[in-house]
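So the chains spell out like this:
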Amino acid sequence: MNLIKNYLDDNIFTIDNFLTEEECAELLVFCKDPNNWITMNKDSEYRNKIWDDNIKFLEQNFEKIHENIFLRLHSIFNEGFIHLDRHVTRLKPLQSMPAHTDEPHNGVLKGIVMYINDDYSGGELNYPEHNLNYKPKARSLACHPSTYLHEVTQINNNNRYYITGFIKEKNI
């Protein structure tokens, strides 16, 4: 698999086709089944914002996909410890994610987002302090420093599915 970084600025990059077509197809079948989702109210800086998570997703149903993603991430990042969330997040129409950073105070060096689909409108990854806006492509990965303020614009139609991860300091 040829993983080529496309830089949006000196510190933000994307990789097209990070996920395979087969992985995305399998993940989308799971994502589109409404019985696979539970609603969780996120506390912390997302107080009063609700979006859906499936916390059993990669761990119990897709261990091989999780393992393959993890190996690909290791081939790209030679710094720190990789933490890959074991769930998919779904943003539905009229939902967004407020501007935030990725917990640099907790040893997070970089945030990683892998996109499963792109058949929605809205839902751009916006970096307001850098005047950058990225419309994610299905199968792509985006990576940014944990200190970069970023947000997801409102979803207008269809659902947006993605997996997140972090590069953390090794001693944390």
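Our structure is the block above this text.
The following refers to the structure shown. (Residues numbered from 1 in each chain as written. Predicted model: local features only at pLDDT ≥ 70, side-chain atom pairs only at ≥ 80, totals over all residues. Heavy atoms only, no water.)

## Overview of the overall build of the protein
Alright, step 1. Along its length, the protein carries three helices and 15 strands.
Alright, step 2. The burial tally for the protein puts 47% of its 172 residues in the buried class.
Alright, step 3. Of the contacts formed within the protein by residues at least 6 apart in sequence, a portion of 75% connects residues at least 24 apart.
Alright, step 4. Summed over its atoms, the accessible surface of the protein is roughly 8700 Å², and 47% of this surface lies on carbon and sulfur atoms. (Helix = DSSP H or I, 4+ residues; strand = E, 2+ residues; numbered from the N terminus. Buried < 20%, exposed > 50% of the residue type's maximum accessible area, 1.4 Å probe, protein only. Contact = heavy atoms within 4.5 Å. Areas by Shrake-Rupley, 256 points an atom, 1.4 Å probe, with all protein chains shown as cover.)

## Thoughts on the side chain of Arg 72
Alright, step 1. Along the chain, Arg 72 falls in helix α3 (residues 63–76).
Alright, step 2. Residue Arg 72 is classed as buried on the basis of its relative accessible area of 11%.
Alright, step 3. Of the polar contacts made by the side chain of Arg 72, one reaches the backbone oxygen of Phe 18; its length is 2.8 Å.
Alright, step 4. The residues touching Arg 72, leaving out its near neighbours within four places in the chain, are Met 1, Leu 3, Phe 18, Leu 19, Thr 20 and Glu 23. (Polar contact = N/O pair within 3.5 Å; in protein donor to acceptor, adjacent residues only side chain to side chain.)

## Let's talk about the packing of aromatic side chains
Alright, step 1. Per the stated rule, a full pass over the model turns up four aromatic pairs.
Alright, step 2. Here the aromatic rings of Tyr 7 and Phe 13 are separated by 5.6 Å at their centres, their planes lie at 55 degrees, and the arrangement is tilted.
Alright, step 3. Members of the aromatic cluster, each reached through a chain of ring pairs, are Tyr 7, Phe 13 and Phe 77.
Alright, step 4. Over the face of the ring belonging to Phe 13 we find Lys 5, whose NZ or CZ atom lies 4.7 Å from the ring centre.
Alright, step 5. When the ring centre of Phe 18 is taken as origin, the NZ or CZ atom of Arg 72, which lies over that ring, is 5.5 Å away. (Phe/Tyr/Trp six-rings, centres within 6.5 Å; stacked < 30°, edge-to-face > 60°. Lys NZ or Arg CZ within 6 Å of the ring centre and 35° of its normal.)

## Re the sheet that holds strand β11 (residues 132–134)
Two strands in a sheet stick together by hydrogen bonds in their backbones, pointing the same way (parallel) or opposite ways (antiparallel).
Alright, step 1. In spatial order, the strands read β7-β13-β10-β11; together these four strands make up an open sheet with antiparallel pairing. Edge positions in the open sheet fall to β7 (97–100) and β11, since each of these has one partner strand only. On average, adjacent strands in this sheet sit at an angle of 15 degrees to one another, irrespective of strand direction.
Alright, step 2. In the sheet, strand β10 (residues 125–127) pairs with β11 via three bridges, with the strands oriented antiparallel. Counterpart to Asn 126 in the pairing with β11 is Asn 133. (Pairing = 2+ DSSP bridges. Axes fitted to C-alpha atoms, helices over the stretch in contact; angles between N-to-C directions.)

## As for the packing of helix α1 (residues 21–31) against α3
Alright, step 1. Put simply, α1 and α3 touch, their axes get as near as 11 Å, and they point 135 degrees apart. In terms of their interaxial angle, α1 and α3 are classed as oblique. Along this stretch, α1 crosses α3, giving a crossing that reads as left-handed. Only Ile 65, Asn 68 and Arg 72 of α3 make contact with α1, whose side of the interface consists of Glu 23, Glu 26 and Leu 27. (Parallel < 35°, antiparallel > 145°, perpendicular 65-115°, else oblique. Left-handed = near helix turned anticlockwise from the far one by under 90°.)

## Regarding the nonpolar core
Nonpolar side chains in soluble globular proteins generally cluster together in the buried interior.
Alright, step 1. Counting 26 residues, the largest nonpolar core has Phe 18, Ile 69, Leu 73, Met 114, Ile 116 and Leu 141 as its most contacted members.
Alright, step 2. The contact partners of Leu 73, leaving out residues within four places of it in the chain, are Phe 18, Ile 82, Leu 84, Ile 112 and Leu 141.
Alright, step 3. Leu 91, Val 152, Ile 155 and Tyr 162 belong to the second-largest nonpolar core, a separate cluster that totals 15 residues. (Core = buried A, V, L, I, M, F, W, Y, C linked by side-chain atoms within 4.5 Å.)

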